[in-house]
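Architecture and fold: a report
As a plain string of letters, each chain reads:
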Amino acid sequence: VIIGIQGNQYTAPEFQDDVVRKREIKKLQDAVTATLDSGDIRSVGLYDFIPFFSGQISKSGLNKILNNPSVTSISINRPIPLAQ
């Protein structure tokens, strides 16, 4: 899944300080991932400049994410086989 998180003034595209933006996004990502147990999500990928993260999520993890008010979107991503 790819999970979007509610941003703030420091994560807005027009905010110009990349160091502050990156630090703020990491703080938001950590706050959401901290609500999950180790078995809820694996292979977590964190994005540096957008308030999203990705991973393989269990059913119980998905239920937690669905009920998290900081989560703004959940996208199911699937591998697409390439034509040979």
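This report concerns the structure included in the present document. (Residues numbered from 1 in each chain as written. Predicted model: local features only at pLDDT ≥ 70, side-chain atom pairs only at ≥ 80, totals over all residues. Heavy atoms only, no water.)

Before going further, it helps to spend a moment on the packing of aromatic side chains. For the coordinates displayed, the defined rule picks out one aromatic pair. Relative to Phe15, the ring of Tyr10 lies with its centre 5.4 Å away and its plane at 85°, an arrangement referred to as edge-to-face. What makes Tyr10 partly exposed here is its relative accessible area of 33%. (Phe/Tyr/Trp six-rings, centres within 6.5 Å; stacked < 30°, edge-to-face > 60°. Buried < 20%, exposed > 50% of the residue type's maximum accessible area, 1.4 Å probe, protein only.)

Attention now goes to the pattern of salt bridges. A complete count under the given rule lists five salt bridges for this structure. Notably, a salt bridge pairs Asp30 with Lys26, separated by 2.8 Å at the nearest N-O pair. With a gap of four residues between them, Asp30 and Lys26 both fall in helix H1 (residues 18–33), about one helical turn apart. Residue Asp30 is classed as partly exposed on the basis of its relative accessible area, which comes to 33%. Note that Lys64 is salt-bridged to Asp37, the shortest N-O span being 2.8 Å. Here Asp37 lies in the loop between H1 and strand E2 (41–46) and Lys64 lies in helix H2 (residues 59–66), a separation of 27 residues in the sequence. You can call Asp37 partly exposed: its relative accessible area is 49%. (Salt bridge = Lys/Arg side-chain N within 4 Å of Asp/Glu carboxyl O. Helix = DSSP H or I, 4+ residues; strand = E, 2+ residues; numbered from the N terminus.)

This brings us to the environment of Gly55. Mapping Gly55 onto the fold places it in strand E3 (residues 52–57). With relative accessibility at 10%, the residue Gly55 sits in the buried group. Expressed as a C-alpha distance, the spacing of Gly55 and Lys26, which sit 29 residues apart in the sequence, is 15 Å.

Judged by pairing direction, the sheet is antiparallel, and its four strands sit side by side in the order E2-E3-E1-E4 without closing on themselves. Looking at strand neighbours, the two that pair on one side only are E2 and strand E4 (71–75), the edges of this open sheet. Along the sheet, successive strands turn relative to each other by an average axial angle of 25°, direction set aside. In the sheet, strand E1 (residues 2–5) pairs with E3 via three bridges, with the strands oriented antiparallel. Note that in E3 the partner of Ile3 across the bridge is Phe53. On top of the sheet, H1 reaches E1, E2, E3 and E4; it is set at about 30° to E3, its chief contact. Across the face of the sheet, H2 comes into contact with E1, E3 and E4 while running at roughly 150° to E3. (Pairing = 2+ DSSP bridges. Axes fitted to C-alpha atoms, helices over the stretch in contact; angles between N-to-C directions. Contact = heavy atoms within 4.5 Å.)

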